[in-house]
Amino acid sequence: MENSTSNSSLNNKKICVIICGAPGGGKGTQSNLIIDKYNLKHISTGDMLRKEIADDTELGKNANKYISKGQLVPDDVIINMIEKKFDEMDCTHKNGIILDGFPRTVKQAEALEELYAKRGTATDILLDLQVDEEELINRLLIRGKTSGRSDDNLETIKKRLDVYNSQTKPVTDFYEKLGKYVRIHGMGTVDEIFRRISEAIDKVM
Ligand code: B4P
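Residues numbered from 1 in each chain as written. Predicted model: local features only at pLDDT ≥ 70, side-chain atom pairs only at ≥ 80, totals over all residues. Heavy atoms only, no water.

A.B. asks: Is there a simple way to explain unusual backbone geometry in this structure?
C.D. replies: Apart from glycine, the bulk of residues carry a negative phi angle, and the bulk of peptide bonds sit in the trans form. Across the junction of F102 and P103, the peptide omega takes the value 0 degrees, indicating a cis bond. Tracing the sequence through the fold places P103 in the loop between strand 3 (96–100) and helix 6 (106–118). Unusually for a residue other than glycine, N39 sits at a positive phi of about 55 degrees. Relative to the helices and strands, N39 is located in the loop between helix 2 (27–38) and strand 2 (41–44). (Helix = DSSP H or I, 4+ residues; strand = E, 2+ residues; numbered from the N terminus.)

Now the structure itself:
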């Protein structure tokens, strides 16, 4: 962690990071470490949706119908939510932004790059956390013991993995074609994985 300030303050360029991976891949866990080290603004669509559900809003009630079944929330709902978030942001966060769990479909990826282009920016790097399926299921079942999440049970986890393979994997191809894709070995301790991520981010800072 001791390099955090030097890494981020030596270079004034704002960086746009996406962290991607299957459910339980560690997106949330690693995002927390990344925002601390690089002082990035964190936007997690999963956290935003869970807040809407907890607040019992119309958006939350609608989203929960999909989340509890392991399905993705419709693209237009998510894209509107992100656009509103971007509009609300004061853009004073020092070093850039990390998107966690978004985009999850190619349509969302295209919309994101359009939203960024309007703001004079673009994604710099997509970090793709690669974790074996057995380990993913194990992590989510352990989390399910305490998370209270409607989607952390075996049946829904399997559905989420199918949805990930069919709808979210193509997002990684989209960014690979743009030359922004970095595969991260997502097995091992949280610190080991974070070291691999830091090396990848440092290369584009
Ligand atoms: P998310 O909130 O994005 O959740 P996730 O994919 O389940 O988890 P994540 O990868 O963040 O795992 P974590 O770090 O917590 O999405 C939830 C749902 O919301 C989606 O299924 C979808 O329905 C909806 N949604 C969200 N965004 C959407 C979008 N853009 N479009 C449409 N729908 C959307 O790690 C999991 C567990 O593993 C934790 O308990 C952690 O402690 C543990 N762990 C992490 N790293 C570990 C390690 N190295 N070793 C051991 N355990 C580890």
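A.B. asks: Would you mind going over the sheet that holds strand 3 with me for this structure?
C.D. replies: What links the strands of a sheet is backbone hydrogen bonding, and the strands pair in either a parallel or an antiparallel sense. Taken together, the five strands give an open sheet; going across it, the order is 2-3-1-4-5, and neighbouring strands pair in parallel fashion. Each edge of the open sheet carries a strand with a single partner, namely strand 2 and strand 5 (181–185). Averaged over neighbouring strand pairs, the angle between their axes works out to 20 degrees when direction is ignored. Pairing of strand 2 with strand 3, which is carried by four bridges, proceeds in the parallel orientation. Counted as the bridge partner of I43 is L99 from strand 3. Taken strand by strand, helix 8 (residues 154–177) contacts strand 1 (15–21), strand 4 (125–130) and strand 5, and its axis lies near 140 degrees from that of strand 4. (Pairing = 2+ DSSP bridges. Axes fitted to C-alpha atoms, helices over the stretch in contact; angles between N-to-C directions. Contact = heavy atoms within 4.5 Å.)

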